Amino acid sequence: MADQPVVLLGVTGGIAAYKAAELLRGLQKANMDVRVVMTKAATRFVGPMTFETLSTHAVRLDEISELTADSRITHIDDSQEADIMVIAPATANTIAKMANGIADNLLSSMYLAFAKTVVVAPAMNTNMWEHPATQRNVLLLRERGVFVVEPGAGELACGDYGSGRMANPDSIVAEVKLRLQVQRKRDLRGMRVLITAGGTREPIDAVRFIGNRSSGKMGFALARAAFDRGAHVDLIQANVDMPDVPGVRQVEASTAAKMHAQVMKRLPDIDILIMAAAVADYRVADGPAGGKVGKGKDEWCIDLAATTDILCDVAEHHKGQYLVGFAAEYGLEGVARARGKLERKKLDMIVFNDISRTDIGFDSDYNEVRILTKDSEVLLGRAQKETIAELILDNVAQAVRSRIGEGSLPA
Ligand code: CTP
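Residues numbered from 1 in each chain as written. Predicted model: local features only at pLDDT ≥ 70, side-chain atom pairs only at ≥ 80, totals over all residues. Heavy atoms only, no water.

1. Considerations on the overall build of the protein chain
A count of helices and strands for the protein chain gives 15 helices and 20 strands. Its C-alpha atoms give the protein chain a radius of gyration of 24 Å, near enough to 22 Å, the size a compact globule of 411 residues would have. C-alpha atoms of the protein chain, sized along the principal axes, occupy 75 × 60 × 40 Å. In the protein chain, which comprises 411 residues, the proportion classed as buried is 52%. Of the contacts made within the protein chain by residues no fewer than 6 positions apart, 68% connect residues no fewer than 24 positions apart. If you sum the accessible surface of the protein chain, you get close to 19,100 Å²; carbon and sulfur atoms cover 51% of it. The distance from the centre of the 49 positive side-chain charges to the centre of the 53 negative ones in the protein chain is 2 Å. (Helix = DSSP H or I, 4+ residues; strand = E, 2+ residues; numbered from the N terminus. Rg over C-alpha atoms; globule rule 2.2 N^0.38 Å. Buried < 20%, exposed > 50% of the residue type's maximum accessible area, 1.4 Å probe, protein only. Contact = heavy atoms within 4.5 Å. Areas by Shrake-Rupley, 256 points an atom, 1.4 Å probe, with all protein chains shown as cover. Lys, Arg positive; Asp, Glu negative; His and termini not counted. Charge placed at Lys NZ, Arg CZ, Asp CG, Glu CD.)

2. Here's the deal with the domain arrangement of the protein chain
What the domain assignment lists for the protein chain is domain 1 (6-183) and domain 2 (188-408). Distance between the C-alpha centres of domain 1 and domain 2: 35 Å. Contacts between the two partners involve 11 residues from domain 1 and, on the opposite side, 8 residues from domain 2. The interface formed by domain 1 and domain 2 holds 2 salt bridges in total. When the shortest N-O distance is used, the salt bridge between Arg 142 and Asp 365 registers 3.0 Å. One can count 3 residue pairs in polar contact (both at pLDDT 80 or more) joining domain 1 with domain 2. Looking at the side of domain 1 that touches domain 2, the elements with two or more residues in it are helix 9 (132-143), strand 6 (147-148) and helix 10 (169-184). Of the residues forming the side of domain 1 that touches domain 2, the biggest block, 4 residues, is contributed by helix 10. When the residues that make up the side of domain 1 that touches domain 2 are grouped by side-chain class, the tally is 5 nonpolar, 1 polar and 5 charged. (Domains from an automatic or database assignment. Salt bridge = Lys/Arg side-chain N within 4 Å of Asp/Glu carboxyl O. Polar contact = N/O pair within 3.5 Å; in protein donor to acceptor, adjacent residues only side chain to side chain. Nonpolar A, V, L, I, M, F, W, Y, C, P; charged D, E, K, R; others polar.)

3. Remarks on the site of the ligand
The ligand sits among 16 residues. The nearest are Met 275, Ala 277, Phe 326, Lys 341 and Lys 345. Taking Ala 277, its main chain carries an N or O atom lying 2.8 Å from an oxygen atom of the ligand. Between an oxygen atom of the ligand and a main-chain N or O atom of Leu 311, the distance comes to 3.0 Å. Considered on its own, the ligand offers 570 Å² of accessible surface; in the complex 78% of this is hidden by protein. Of all the secondary structure elements, the ones that give two or more residues to the shell around the ligand are helix 13 (310-317) and strand 17 (322-329). Among the elements that take part in the shell around the ligand, strand 17 stands out by supplying 4 residues, more than any other. (Near = heavy atom within 4 Å.)

4. What about the pattern of salt bridges?
Pairing between side chains of opposite charge can happen when their charged atoms approach one another. In this structure the tally under the stated criterion is 22 salt bridges. Here Glu 150 ties to Arg 142 by a salt bridge, and the two come within 2.7 Å at their closest N and O atoms. The class for Arg 142 is buried, based on a relative accessible area of 9%. The partner of Asp 187 in a salt bridge is Arg 229, with the nearest N and O atoms 3.1 Å apart. Of this pair, Asp 187 sits in the loop between helix 10 and strand 9 (192-198) while Arg 229 sits in the loop between helix 11 (217-228) and strand 12 (232-238), and the two are 42 residues apart along the sequence. Owing to a relative accessible area of 16%, Asp 187 belongs among the buried residues under this scheme. Several salt bridges share partner residues, and in doing so they unite Glu 175, Arg 179, Lys 185, Asp 187, Arg 229, Glu 390 and Asp 394 into one network.

5. Overview of the sheet that holds strand 2 (residues 33-38)
Overall, parallel pairing links the 6 strands, which are arranged 3-2-1-4-5-6 in an open sheet. Edge positions in the sheet fall to strand 3 (60-61) and strand 6, since each has one partner strand and no second. Here strand 2 runs beside strand 3; their pairing, made up of 2 bridges, is parallel. Residue pairing across strands places Val 37 opposite Arg 60, the latter belonging to strand 3. Its contacts with the sheet put helix 10 on strand 4 (84-90), strand 5 (117-122) and strand 6, and the angle it makes with strand 4 is roughly 160°. (Pairing = 2+ DSSP bridges. Axes fitted to C-alpha atoms, helices over the stretch in contact; angles between N-to-C directions.)

6. Let's talk about the packing of helix 10 against helix 15 (residues 385-404)
With their axes 12 Å apart at the nearest point, helix 10 and helix 15 run at an angle of 50° to one another. Considered as vectors, helix 10 and helix 15 are oriented oblique to each other. The two elements helix 10 and helix 15 cross, and the hand of that crossing is left-handed. Contacts between helix 10 and helix 15 involve Glu 175, Leu 178, Arg 179 and Val 182 from the first element and Glu 386, Thr 387 and Glu 390 from the second. A class-by-class count of the residues in the contact of helix 10 with helix 15 yields 2 nonpolar, 1 polar and 4 charged. (Parallel < 35°, antiparallel > 145°, perpendicular 65-115°, else oblique. Left-handed = near helix turned anticlockwise from the far one by under 90°.)

7. Structural notes on helix 10
Compared with the 22 Å implied by 1.5 Å per residue over 16 residues, the 23 Å span of helix 10 between its first and last C-alpha is a close match. The complete set of buried residues in helix 10 reads Pro 169, Ile 172, Val 173, Glu 175, Val 176, Leu 178, Arg 179, Leu 180 and Val 182. Against helix 1 (19-29), strand 4, strand 5, strand 6 and helix 15 lie the buried residues of helix 10. You can read the cap of helix 10 off the contacts: a side-chain oxygen lies 2.8 Å from the backbone nitrogen of Asp 170, and it is on Asn 168. (Expected span 1.5 Å × (residues − 1).)

Pasting the structure below:
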């Protein structure tokens, strides 16, 4: 990547297109060279001359691409110079095309041909944003690695009040800066990282289990981010319904006992363990009943027995690996309980999140956490789980590097 990163800014046809000019200025102020591609609809809201003047580059338009097939290919090739693509505002229509691989204009063709990081800032009417089709498309894009800067709530151009308003240009600039920084980061290069994700399920009989609400999103985001930073990543997952993470070795461990066995098997060969999984504390004492238990009785008492605490066992057997735990606690007073777990489980770091909040945590794409170590506490404000994962890894990488000394890092 050159010193001045090149940003390909895609502008689509919504009233928020005028805010793309402010975004362009913000990206330039952050030392980025911005090239603009507009859809035909976008040019009805803002003239290409505005972007041409501000960016000092010719604006790519569909009109030119329609002249000859060759010029269209040239323009798609042009996009390869860019380090990152940002589509802001992104209409429901463009998002739908991206999710379905439709390349019927220059911008959507460029998106399909672009193999690097893509950031999208949706902007549309509330009903369009909340429509299951749009939500499904956004989810698909996220699963494929596109970073979505969520729209905010407020008064919309149509007079409605609700969500759908394009995120503030400053927060889009911040996301682009973070993504560019991450592209440059190789601070876990050669390190062997083991991550657990999801929630274990302890069977009661053939059809029932004791489970929890963990989705695995946080652990998956950590695995992907660690791989991007150059680590060899093993991911032990429990009941996660998400696509595989490219480059990461994944293994299923559906119960606490299976996860315990998988972690202990790998422990001697790793440098860092991140236990993001929600592991059941209890299992059925006598093991699951055979078949399906019928409802022949008024009461059904099940004796439970404690599972092995994986991190406590790791603490007994580890040889200097960096150990990170997670603590899902109810309410802010949980910080003290998380600190207690840090000490009791002899961890190097614990990541606390407050499960009393409904806008973050379980099932959500968002999180807000506090990172606790023996002598520090850092608050990471509410952000997408991918962003939180990067910030957690910043802290882990820094701590591991200072512990082992830069000189002895794996090549
Ligand atoms: N953990 C573990 N083995 C278990 C239970 C939890 O290794 N059997 C790990 C989790 O993966 C997490 C950390 O311990 O990283 C804290 O988990 P949490 O459920 O918050 O704490 P518990 O020790 O189970 O304590 P409590 O349920 O009393 O809050």
